[in-house]
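Commentary on secondary and tertiary structure
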Amino acid sequence: MLDAALADQLRSHFTHVTRPVELVASLDDGEESRRLYRFLTEVAELSDAVVVVRRDDHDRRPSFSVASAATGDRVRFAGVPGGHELSSLVLAILQVGGHPSTAPADLVDRAARLRAPGGDLVFETFYSTSCLNCPDVVQALNLLSVVNPSVRHVAIDGAAFRAEAEARHVLAVPSVFLNGEPFLQGRATLADIVAKLEGRSGGAGGTGAGRAGAGTHGRVEPYDVLVVGGGPAGAAAAIYAARKGIRTGIVAERFGGQLLDTVGIENFVSVPATEGPRLAADLEGHVRGHEVDVVAPDRAVRLLPRSVDGLLTVELESGTALGARTVVLATGARWRRLGVPGEEELRNRGVTFCPHCDGPLFAGKRVAVIGGGNSGVEAAIDLAGLAAHVVLVEFDVALRADAVLQRKLASLPNATVVLNAATTEVVGTEQVEGLAYRDRSTGEAHRLDVDGVFVQIGLLPNTEWLDGAVELGPTGEVVIDERGRTSMPGVFAAGDCTTVPFKQIVVAMGGGSTAALSAFDHLIRTSAPAEGPAPAEGPAPAPAEAGRDPAREPAVA
């Protein structure tokens, strides 16, 4: 089940295992159990320190624990952890096998000290092997189980244990239960989980503890450039600013932004194919390889104009206020909502925004996709390989997706298209039961009986916190000029949160680079000694390659 290249890669990783690890399997007579046993056997053959033991004493079958004498059997997988969860298994074997985590030492210490008032903390995470966000949660809870003797975690493949997922109304992943009760939904880091647990137990950590901007971030010296946002635009801006040798900071709620929800990327110039999470990790590594003060995870909530000391101020959700001489806004965008009754009430109970993550939970069911652009048609094509039937609902009189995608959709026997339809309600009580829409040409009301609704109608900029601080366009995008300047002097913006016409990774990176170079040019022009009046702020033409240092900054594309 492991090809030669992957086996060689895992064999290399497993050289870091320093103590014996047992993969303790609980199996039945089904094909999935036979498949799991073959998989575990192949994994164990890659290291003398790893062995497979069969002990059919667990309620969930097929499942297995990753155990050692030091950690016990507190880490368990139910189903075959393939796809994106293979990395979770590898990390579990390494950590149970004695290899230290790369998580910050203070965070690991806080995780190890957590205690539940009523006994052990038993976590269950439902995932799908195609989910991009699930590994973050699974790996965080596995690590928590390794370092804390009062924590146990089982990662459950929702497709393999579909009956249990349906009985617990799991219609979106990752879904985490704590001691049988819903705990969290969606992507979360170890810092998020620890802070949430500290808040539940009344510990001193609270919901803000562990954020770099709320205690562990001890530097208070103002920044020359403060970047807000950790997506492609923000990462590029931070790198370009740091390479100028000026004091640079970046505030990121999550590194990667929308990349973390993107599966295949095949138009990133010079890289024929990659995946969003991999590119996000590369961006974060590149940023951290420079002299950049990283404040994460945290979120900006307010931008204050320049004060008497000449500094702009960005206030964070954690309560921290950061001063900066210039600011680059790169807060990205999020999925647009329908805004109809039932959508919010049934979110994660049939209403979802990620066909790759949640699609496997709707195998053999009827689903609707809202939106006729590329995202919507691609989602319908993907889901048609799993669902019994897919209905694509488009508001306009024609689909807007590329012709090649439309032809592919039209060729699928279990996919239909409804045009000129205004969605009016998502129907259901405990979970989605149907979708109501109105024919825009006749006014006639219709209902589709579906089990899931995938919303794919575009993006909204994350700019509500900037209302009144900088000029926003009609759709909430930050208005910028060709240099990335906003209406507030010294504040620049880039990426999907701005008025740039094309929301693409390469465009965002270029915009972030432009914004950082413009911020550097602004610093030069407003801080350099001058004979006579200070230079006016505004779009006066700058010297060619302003601020460029060829010795430190080689030419880049």
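So, here's what we can say about the structure. (Residues numbered from 1 in each chain as written. Predicted model: local features only at pLDDT ≥ 70, side-chain atom pairs only at ≥ 80, totals over all residues. Heavy atoms only, no water.)

**Concerning the sheet that holds strand 3 (residues 63-68)**
Worth spelling out the cut-off: Pairing between two strands requires that DSSP report at least two bridges joining them. Secondary structure elements are taken from DSSP: a helix is a run of H or I of four residues or more, a strand is a run of E of two residues or more, and numbering for both begins at the N terminus. Angles run from 0 to 180 degrees between N-to-C directions of axes, and those axes are lines fitted to C-alpha atoms, restricted for helices to the stretch in contact. Here a residue-residue contact requires only that any non-hydrogen atoms of the pair lie within 4.5 Å.
Reading across from one edge, 2-1-3-4-6-5-7-8 is the order of the eight strands in this open sheet, with mixed pairing throughout. Strand pairing shows two members of the sheet lacking a second neighbour, strand 2 (50-54) and strand 8 (181-185), which therefore form its edges. Sheet twist, expressed as the average angle between the axes of neighbouring strands with direction ignored, equals 25 degrees. As paired elements, strand 7 (residues 175-178) and strand 8 share four bridges and run antiparallel to each other. Looking at strand 8, one finds that Phe 177 is bridged to Pro 182. Relative to the sheet, helix 2 (residues 31-44) contacts strand 1 (21-26), strand 2 and strand 3, its axis offset from that of strand 2 by approximately 155 degrees. Each of strand 4 (72-78), strand 5 (121-127), strand 6 (151-157) and strand 7 touches helix 5 (residues 134-147); the most contacted strand, strand 6, lies at about 150 degrees to it.

**Considerations on helix 5**
So the rule is basically this: A helix is expected to span 1.5 Å multiplied by its residue count minus one. Burial status follows relative accessibility: with a 1.4 Å probe on protein chains alone, a residue under 20% of its type maximum counts as buried, one over 50% as exposed, and anything between as partly exposed.
In a regular helix each residue adds 1.5 Å, so 14 residues correspond to 20 Å; helix 5 covers 20 Å between its end C-alpha atoms and thus fits that length. Of all 14 residues in helix 5, eleven are buried; the element is thus mostly enclosed. Along helix 5, the positions that sit buried rather than exposed are Cys 134, Pro 135, Val 137, Val 138, Ala 140, Leu 141, Asn 142, Leu 143, Leu 144, Ser 145 and Val 146.

**A word on the sheet that holds strand 18 (residues 351-352)**
The five strands are arranged 18-25-19-20-21 in an open sheet whose pairing can be described as parallel. Each end of this open sheet is capped by a strand with a single partner; those strands are strand 18 and strand 21 (415-418). The pairing of strand 19 (residues 366-370) with strand 25 (residues 452-455) spans four bridges and is classified as parallel. In the strand pairing of strand 25, Ala 368 is matched with Val 453. Set on the sheet, helix 11 (residues 374-384) makes contact with strand 19, strand 20 (389-393) and strand 25; between it and strand 20 the angle comes to about 170 degrees.

**Focus on the pattern of salt bridges**
This is how the line gets drawn: What makes a salt bridge here is a side-chain nitrogen of Lys or Arg within 4 Å of a carboxyl oxygen of Asp or Glu, nothing more.
Enumeration according to the criterion identifies 25 salt bridges in this entry. A network of salt bridges, in which partner residues are shared, links Arg 60, Glu 124, Glu 164 and Arg 168.

**Here's the deal with the packing of helix 11 against helix 12 (residues 403-410)**
Definition in use: Oblique is the label for any angle not covered by the other classes, which are roughly parallel (under 35 degrees), roughly antiparallel (over 145) and roughly perpendicular (65 to 115). The sense of a crossing depends on the near helix, which, turned anticlockwise from the far helix by less than a right angle, makes the crossing left-handed and, turned clockwise, makes it right-handed. Note on residue classes: Ala, Val, Leu, Ile, Met, Phe, Trp, Tyr, Cys and Pro are nonpolar, Asp, Glu, Lys and Arg are charged, and everything else, Gly too, is polar.
Remark: helix 11 packs on helix 12, axes separated minimally by 10 Å, with the N-to-C direction vectors making an angle of 30 degrees. One way to sum up the angle between helix 11 and helix 12 is to call them roughly parallel. For helix 11 against helix 12, the interelement crossing comes out left-handed. Of helix 12, the residues touching helix 11 (which contributes Asn 374, Val 377, Glu 378, Ala 380 and Ile 381) are Leu 405, Gln 406, Lys 408 and Leu 409. Tallied by class, the residues present in the contact of helix 11 with helix 12 amount to five nonpolar, two polar and two charged.

**Describing unusual backbone geometry**
For the peptide bond that leads from Arg 61 to Pro 62, omega is 5 degrees, which places it in the cis range. Ala 296 connects to Pro 297 through a cis peptide bond whose omega is -5 degrees. In this structure, Pro 297 sits in the loop between strand 13 (292-295) and strand 14 (300-304). A positive phi angle, close to 50 degrees, is found at Asn 179, a residue other than glycine. Relative to the assigned elements, Asn 179 resides in the loop between strand 7 and strand 8. Its identity is not glycine, yet Asn 348 carries a phi of approximately 65 degrees, on the positive side. Examined against the element boundaries, Asn 348 turns out to sit in the loop between strand 17 (333-335) and strand 18. A relative accessible area of 24% places Asn 348 in the partly exposed class.

**Description of the environment of Thr 416**
Formally: Each polar contact in these results corresponds to two N or O atoms within 3.5 Å; when the atoms are within protein, one needs to be able to donate a hydrogen and the other to accept it, and residues that are neighboring in sequence are counted only if both atoms are side-chain atoms.
Mapped onto the elements of the fold, Thr 416 is located in strand 21. Sequence separation between Thr 416 and Ala 380 is 36 residues; the distance between their C-alpha atoms is 9.3 Å. When residues no more than four places from it in sequence are discounted, the contact partners of Thr 416 are His 389, Val 390, Val 391 and Leu 392. Engagement of the side chain of Thr 416 in a polar contact is seen with the side chain of His 389, the distance being 3.2 Å.

**Quick look at a nonpolar patch on the surface**
Just so we agree on the cut-off: Patch membership needs two things, relative accessible area over 30% and no salt bridge, and members are linked within 9 Å if like-charged or within 5 Å if nonpolar (Val, Leu, Ile, Met, Phe, Trp, Tyr). To be clear on the numbers: accessible area is Shrake-Rupley with a 1.4 Å probe, and residue cover counts the displayed protein chains and nothing else.
A contiguous nonpolar surface patch, about 370 Å² in accessible area, is contributed by Val 269, Phe 502, Val 506 and Val 507. Looking at the element boundaries, Val 507 is found in helix 13 (residues 505-527). Val 507 gets classed as partly exposed once you look at its relative accessible area, which sits at 33%.

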